[in-house]
Amino acid sequence: MGNIERAELILLRLPYVHFFETSFGREEEREFILVKVHSGGICGYGEVVADKSPLYSYETTSTAWSVLKDFLIPLVFEHSISDPQLFHEEAKKYRGHPMAKAGLELALWDIQGKQEEKPLWKIYGGVKREIPSGVSIGIQDSVSELVDRIQSFLKKGYQRIKVKIKPGWDGKVLKEIRKTFPDLALQADANGAYSLNDRETLKRLDEFKLIMLEQPFPPYDLWDHSRLQKELETPLCLDESIISVDTARKAFEMESCRIINIKVGRVGGIVESRKIHDFCQEKDIPVWCGGMLESGIGRAHNIHLATLPNFRYPNDLSASKRYYAQDLVEPQIEVSQEGTIRVPESPGIGVSPQEDRIERATLKREVIKSS
Ligand code: OSB
Ligand code: MG
């Protein structure tokens, strides 16, 4: 593989088609960074999932921008790295900042795929040509609006519904949902809004037969999740808590959860995601692919990852239209009436970023060259 000659950071803003509200609050638009790397006439694209504010994670668009510009991109130039695996190893010397690392690693994978003329799923060892799609629905102004939204997503084919919960928007909401949809494949995500003091509230959620309850407690708390899981019938799934294969092992040993959500950005890239996938496969812990409301670029990367065999639940990977009026890629990502997404077959991410649309959404752009 040739050297990386130049990298580009682009800060973009895209409005959502519908606001997205979690236990952190309501968002109407997304600000995020695209990473482009250039090598021998080929351009690779990655997406950094850090938000404008440090809510889901401590990283923000500004921290990711500065870490990429001052440390990660110079690392690639200094050591003439173009291999994503090697980048992963070298970037370990910098602590934290997984979303920044993942954005650049993804761009290197895209280049590799394009150079080898293979779609990424083949390089990763994927086995699926279609992946099952679920939809994550935020907190609404009323329960009846939520029920209506669920209805409309079910009509589009989605295989399961995930709803966001928080104290005060939990049991009574799930009860209403179950009244209307007794057999719905349903799960709930708290984004860390509860504590062990809420165990009675959480235990009462067992009656709703959720497929899983995602991240009830804050990120760095494997122990309290383990205590809760012992008292709960509903399988716990960890998202924010699992930041590496090492934390996955500890969660497994402590029995902090029975299912793991893998997000490339949260764990620092594809290399670490595959390690978690392989560990979980060996221990018979199912995984699925989470989302961060990505544009089609990050979404396409996620789709390739979700083709691995131990992705055993519907993923938070929905159609482009569910998030954005016009996505940044062609073809747009679509969900079939059976609730599946077809895996792209073209080289690399397998979808084409549309430079004119990227341009229109750009707030800031910087080119960083190898000196
Ligand atoms: O916790 O899974 C989450 C979105 C932003 C931040 C965190 C989460 C989410 C979602 C949406 O649930 C998943 C998606 O459809 O991209
Ligand atoms: Mg989550």
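These notes cover the structure that comes with them.

1. As for the overall build of the protein chain
Secondary structure assignment for the protein chain yields 14 helices and 15 strands. Its C-alpha atoms give the protein chain a radius of gyration of 20 Å, near enough to 21 Å, the size a compact globule of 371 residues would have. Taken over the C-alpha atoms alone, the protein chain extends approximately 60 × 40 × 35 Å along its principal axes. Scored against the burial criterion, the 371 residues of the protein chain give a buried share of 60%. At a minimum sequence separation of 6, the contacts of the protein chain that also span at least 24 residues come to 72%. Carbon and sulfur atoms form 49% of the exposed surface of the protein chain, whose accessible area is close to 14600 Å². Computed over 51 positive and 56 negative side-chain charges, the separation of the two mean positions in the protein chain equals 1 Å.

2. What to know about the coordination of the magnesium ion (ligand 2)
Within the first shell, the magnesium ion (ligand 2) binds the protein through Asp 189 (OD), Glu 214 (OE) and Asp 239 (OD), at distances of 2.0 to 2.3 Å. Coordination of the magnesium ion (ligand 2) draws on donor residues from a single chain, spaced D-x24-E-x24-D in sequence. One end of the pair, Asp 189, is in strand S7 (residues 186–189); the other, Asp 239, is in the loop between strand S9 (236–238) and helix H9 (245–254), and 50 residues separate them in sequence. The residues Asp 189 and Asp 239 share a single accessibility class, namely buried.

3. What about the sheet that holds strand S2 (residues 25–39)?
With antiparallel pairing, the 4 strands of this open sheet are ordered in space as S3-S2-S1-S15. This sheet does not close on itself; its edge strands, each paired only once, are strand S3 (42–48) and strand S15 (362–369). The average angle at which neighbouring strand axes cross in this sheet is 25°, direction not considered. Examined bridge by bridge, strand S1 (residues 6–22) and S15 share 7 bridges and lie antiparallel to one another. Note that in S15 the partner of Leu 11 across the bridge is Lys 364. Along the sheet, helix H1 (residues 61–78) makes contact with S1, S2, S3 and S15, crossing S1 at roughly 150°. Contacts from helix H12 (residues 296–305) reach S2 and S3, with the element oriented near 95° to S3.

4. Some details on the packing of helix H2 (residues 84–91) against helix H3 (residues 98–116)
Their axes nearest at 9 Å, the elements H2 and H3 cross at an angle of 160°. Judged by the inter-axis angle, H2 sits roughly antiparallel to H3. As H2 packs across H3, the resulting crossing turns out to be right-handed. In this structure, H2 contributes Pro 84, Phe 87, His 88 and Ala 91 to the contact, and H3 contributes Lys 101, Leu 104, Glu 105, Leu 108, Trp 109 and Gln 112. The residue inventory of the contact of H2 with H3, partitioned by class, reads 6 nonpolar, 2 polar and 2 charged.

5. Quick notes on the nonpolar core
Membership of the largest hydrophobic core comes to 89 residues, with the highest contact counts inside it found for Ile 150, Ile 161, Val 163, Ile 177 and Ile 260. The residues contacting Ile 161, other than those within four sequence positions of it, are Val 135, Ile 137, Ile 150, Phe 153, Leu 154, Leu 184, Ala 185, Leu 186 and Gln 187. By size, the runner-up hydrophobic cluster in this structure holds 31 residues, among which are Ala 50, Leu 68, Ile 73 and Ile 368.

Here is what the cut-offs are and how they apply
Residues numbered from 1 in each chain as written. Chains lettered and ligands numbered in written order. Predicted model: local features only at pLDDT ≥ 70, side-chain atom pairs only at ≥ 80, totals over all residues. Heavy atoms only, no water. Helix = DSSP H or I, 4+ residues; strand = E, 2+ residues; numbered from the N terminus. Rg over C-alpha atoms; globule rule 2.2 N^0.38 Å. Buried < 20%, exposed > 50% of the residue type's maximum accessible area, 1.4 Å probe, protein only. Contact = heavy atoms within 4.5 Å. Areas by Shrake-Rupley, 256 points an atom, 1.4 Å probe, with all protein chains shown as cover. Lys, Arg positive; Asp, Glu negative; His and termini not counted. Charge placed at Lys NZ, Arg CZ, Asp CG, Glu CD. Donors = N, O, S within 2.8 Å, 3.2 Å for Na, K, Ca; no water. Pairing = 2+ DSSP bridges. Axes fitted to C-alpha atoms, helices over the stretch in contact; angles between N-to-C directions. Parallel < 35°, antiparallel > 145°, perpendicular 65-115°, else oblique. Left-handed = near helix turned anticlockwise from the far one by under 90°. Nonpolar A, V, L, I, M, F, W, Y, C, P; charged D, E, K, R; others polar. Core = buried A, V, L, I, M, F, W, Y, C linked by side-chain atoms within 4.5 Å.

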